[in-house]
Amino acid sequence: MNGSMDNQDVNITVNGRSYKRRIEPRLLLSDFIRHGIGLTGTHVGCENGVCGACTVLLDGLATRSCCTLAVQADGRQVETVESLGRINNLSPLQRGFWEMHGLQCGYCTPGMLMLMTELLRENPNPDRDTIRARLNDNICRCTGYEDIVNSVERAVELMRGESSRP
Amino acid sequence: MAEAGKILSPPAGRQKERSDQRLNVIGTRMLRKEDPRFLIGRGRFIDDITLPNMAHAAVLRSPHAHARIKSINTGAALALPGVVAVITGEDAAKETGPLPCFANPTVEQRCVALGKVRHVGEPVVLVVADNRYIAEDAAALVDVEYELLPAVSDMMDAITSRGDAVLHPERGPDNVAEHRNYSFGPVDQEFAQAAHVIKRRLRWSRSGGQPLETAGSVASFDEGSGKFTIYVNGSMYNYIGLTIATALKVASHQLNIIPVDAGGSFGSKLFLHKVAVLAALGARAAGRPVKYIEDRIDNITACDNHGSDRIYDVELALDAANRMTALRYKVVDDYGAYFQYGLGTHGNGFSQTVGPYKIRAVGAEIYAVFTNKCQQGACRGFGSEVTNFMIERIVDAAVAELNLDPIAFRRDNFIRPEEFPYQIPTGNLYDSGNYPGALDMALQLLDYDGWREKQQLARTQGRYVGIGVASCQEKGVFSATEFWMLNRQPGFALTSSPESASIKIDATGKAVISLHAPCWGNSPETVAAMVLAEQLTMDPADISVTYSDSDHGLPGTGPGGSRYTVMVTGAITGAATIIKEKLKRVASHMLEAGPHDLEFRNGKIGVKGASGLEVSITEVATQAHFFRLSLPDDPDLTSGLDASYTYDHPLATLPKSDSDFGIFYPIMGHMCHMPVVEVDPKTGQVSFLDYVAVHDCGTMINPMTVDGHVRGGTAQGIGTALLEEFRYDKNGQLLNTSFTDYLLPRISNLPPQVRIGHLVTPSPYTEYGVKGAGEGGRMVAPPALISAIEDALRPLGVKIDTVPVTPSRLRALIREAEAKSGRGH
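Residues numbered from 1 in each chain as written. Chains lettered and ligands numbered in written order. Predicted model: local features only at pLDDT ≥ 70, side-chain atom pairs only at ≥ 80, totals over all residues.

(A) Quick look at the overall build of chain A. Scanning chain A from terminus to terminus reveals five helices and five strands. In chain A, the succession of helices and strands from N to C terminus is β-β-α-β-β-β-α-α-α-α. Computed over the C-alpha atoms, the radius of gyration of chain A is 16 Å, within 12% of the 15 Å expected from 2.2 N^0.38 for a compact globule of 166 residues. A principal-axis box enclosing the C-alpha atoms of chain A has dimensions of 50 × 30 × 25 Å. Considering chain A as a whole, with its 166 residues, one finds that 56% of them fall into the buried category. (Helix = DSSP H or I, 4+ residues; strand = E, 2+ residues; numbered from the N terminus. Rg over C-alpha atoms; globule rule 2.2 N^0.38 Å. Buried ≥ 20, exposed ≤ 12 C-beta atoms within 10 Å, placed from the backbone.)

Following this line, the structure appears as structure tokens:
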């Protein structure tokens, strides 16, 4: 319950920037990111770790931020969708999603992008089955996934041409 | 009475832009204008809205399906530091009226339950606090004493329940919300003369849109002006948003609704009144802006968005030549605890109740019942997806019982391409179509004969491979009559369903389009920009799109019923026509040529036949905005360049009687799906070997986004067929209130590829011949998939009448069939 544990000092690095805050131990990482530091690109869908809309990278690993306490991220590195390319300089992965219609409502998209960022760092040249296997972690309600797979394949092509960064 | 058949003197249309012209932008694969902002995490969804000094609300929900509220003790909750307000049903009733309801007679629903709760999840107390965590803590401290009432969970029990089991005693002595009988054409005569009558009982279970983003609202109340400002991720705020003002007991001009990006809807956010009223109620009580965002449990138990929940007893009459002549059904539909859209979903189904077939007569007996469940809302198809399931299941039953060929039987019964416009027995009109063409395209794309050979081979190897087929209608562009035409007394007999667009071209020649409906995950910005670019020969990059709030909104009905692309195309065309006329008037002075001698070409206005004689739209725009004295002193020639246009339904008529509903849903799309599946009889698992989807939505504005809708809708239809079901137990407890056990399709549940074919049969009534495409996939995949599974299990004689056919249900059917035949797995 509220106040049953003392607030804690944390230092969480998000997208390369350090945030020192005093927070309630029960504060969810998703709420810290969205409302604590105002990075609203990370979305919350199911709130129990099933859909993956809230996926961020925690020390490089795809993590459900809705099921992670912010205090668990103390001293660690968080990467969110805001760390990828910007509006006039989309990353190859974002560009792939745009070109291949990998999104409709855009709500699951940040989680999908972070999940695929993890995959492409591990394996910059995944085959279709590998992409599909990893995509099974997250839910998209709009696309039926096929265009997401095509988007990631397109990103792989773009990465070959431009840089190795997803 | 409406007689089925080709209409010899078709109604005149209002089409200005024909479908057979050469087009430059429409029909291209333009990348979506919406996407870059979503890709960088800069969408503007409801939970992204933050206002200064904003408080947060949580809702305490009923744990019981049916109970009287005896007492509520809010003391401990109010004493918790950080709590701003604790609002019971009695408190709420002082500030708010009933929520909007379009049934007649109405059914009263409150934003916070008053006296009684009628389903698990119904709001009992609204708590406002400094943050959501404290609000939820406080909700847990509220003490509510309930007196349990008998819960009604089974829809058949609902018909016979009496006494304390009646949810709305003021409406009558039982839980029958409506009981109506309809007869279109000579039903009894056709059944009396039938050579064959096929019968089935079918079960379509309750599922829902379940977008990844729940519903929510951020509201503020300005005591100075007495005005509410409400952000909400719903639609229809420029259509019936004023009913929210009524619920808040303010005049309509004392409410401004601001739209936000919606993280998916699939019908579920068609008209979000409850979250908006809750947030506004909290804001007025707290004297601060209040955010209320449903969590997933709130959304699943109480968002008023569950889909149809029906049991059909269907009969199909055929003549000696195996031509379908009449369809008769009794349907019981479990609407849950309230009745917000009345019998609208059955009105909708009457738009295409004979499917693509020449069935001459239809009889329908409809029971709508109340049970202690979340009330129904809209779900992709709005009832017609169930109609399609019913028709295609009884068609497959006829094929199986009469030992017919599923392809030839459909082909022989189709309305022929030369028979349009075609009136169906209910009075609705199908504007155009080519059903044999779609079937042929699907057969060819699939290599149907090749798969039949592979299926034979697989059977000799003991494998259960099946090929499904479903040929279904996708009604597009509703007129509003479906919402009330099944009422005994019409009530508020709404007949408008307009859509508007406003265009401003600034002094530098850039265009801003204002839409009067929200972004819902469809691509309104892309569509609007493409149509305007086509009209003005502009670069779509020079066009931006915004969404007006209700203070500035023109009539707009919003996305729903596969209408938006058709309607916004009409609105943009209308507004562009006004802008073009003015551009030509100004240009004619600049070029010293008559307006009628001018044409638009490559972003310029030029004299026809004189290639060098032209001025750019930018030059004309600068002239129109800034150099008034260079133009003639004509009071009609005002400064600036802007226009608004409201496009009404392109072809609709009033209902004539209970046996002729007139034209109410005429822009008729069509699709033919052919899945190939393999069933593992030991586990009941279904896997996909192939999937072909042919769609005909007339002229496509953007084939890329149409494909996206087809694939996404198909995925949702597969979820409906195999996975998704809100399961209530006999006490009315909802057993699956999270995505852990309400299963949405993952990529592993779906075909690796949906191979899409497009047939283009343009509408003669809409601008450019566009038809709707938003709902089709979900409206055809369930019967196509069940057809394939049944085909796979034909050696075992399994019949499937229920969706979803989960692995355990399928195993039960297989066990039953094996018990009959003495075989076993």
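(B) Up close: the interface of chain A and chain B. Taken together, the contacts link 42 residues of chain A with 41 residues of chain B. For the side of chain A that touches chain B, the secondary-structure elements that each account for two or more residues are helix H2 (92-99), helix H3 (109-122), helix H4 (128-135) and helix H5 (146-161) of chain A. Here the side of chain A that touches chain B takes four residues from H2 of chain A, the largest share from any one element. Grouping the amino acids of the side of chain A that touches chain B by side-chain chemistry returns 19 nonpolar, 14 polar and nine charged. (Contact = placed C-beta atoms within 7 Å. Nonpolar A, V, L, I, M, F, W, Y, C, P; charged D, E, K, R; others polar.)

(C) Representation of the domain arrangement of chain A. All names here are of chain A. In terms of domains, chain A is made up of domain 1 (8-81) and domain 2 (92-161). Each of domain 1 and domain 2 was reduced to a C-alpha centroid, and the two centroids are 22 Å apart. Contact with domain 1, which involves 15 residues of that partner, is made by twelve residues of domain 2. Of all the elements in the fold, those that place two or more residues in the side of domain 1 that touches domain 2 are strand S3 (55-58) and strand S4 (61-64). When residues in the side of domain 1 that touches domain 2 are grouped by element, the largest group, three residues, is from S3. Of the residues that constitute the side of domain 1 that touches domain 2, the class distribution is eight nonpolar, six polar and one charged. (Domains from an automatic or database assignment.)

(D) Broad picture of the sheet that holds strand S3 (residues 67-73) of chain B. All names here are of chain B. In spatial order, the strands read S5-S3-S7; together these three strands make up an open sheet with antiparallel pairing. Of all strands in the sheet, those bounded by a partner on one side alone are strand S5 (116-117) and strand S7 (143-148). Pairing geometry for S3 and S5, over two bridges, is antiparallel. Considered in S5, the bridge of Ala 67 is made with Val 117. (Pairing = 2+ DSSP bridges.)

(E) Broad picture of the nonpolar core. By size, the foremost hydrophobic cluster in this structure holds 318 residues, and its most contacted members are Leu 126, Val 127, Val 128, Ala 279, Ala 280, Ala 528 and Leu 532 of chain B. Element by element, the count of residues in this core is highest for helix H16 (residues 564-591) of chain B, at 13 residues. Both domain 1 (8-81) and domain 2 (92-161) of chain A contribute no fewer than three residues apiece to this core. (Core = buried A, V, L, I, M, F, W, Y, C linked by C-beta atoms within 7 Å.)

(F) Just the pairing of strand S24 (residues 598-601) of chain B, in detail. Residue and element names in this part refer to chain B. When S24 meets strand S25 (residues 604-607), the two strands line up antiparallel, connected through four bridges. When the sheet's bridge partners are listed, Phe 600 is paired in S25 with Ile 605. Between S24 and S25, which follow one another and run antiparallel, lie two residues, and Asn 602 among them has a positive phi close to 50°.

(G) Expanded view of unusual backbone geometry. Residues and elements named next belong to chain B. Going from Asn 104 to Pro 105, the amide bond is cis rather than trans, its omega being 0°. Residue Pro 421 is bonded to the preceding Phe 420 through a cis peptide linkage, with omega at -5°. Tracing the sequence through the fold places Pro 421 in the loop between helix H12 (406-413) and strand S17 (422-423). Positive phi, close to 60°, is recorded for Lys 249, a residue that is not glycine. Secondary-structure assignment places Lys 249 in the loop between helix H7 (242-247) and strand S12 (255-259). Look at Lys 249 and you get exposed, because 12 C-beta atoms sit within 10 Å. Phi is positive for Asn 403, which is not a glycine, with a value near 55°.

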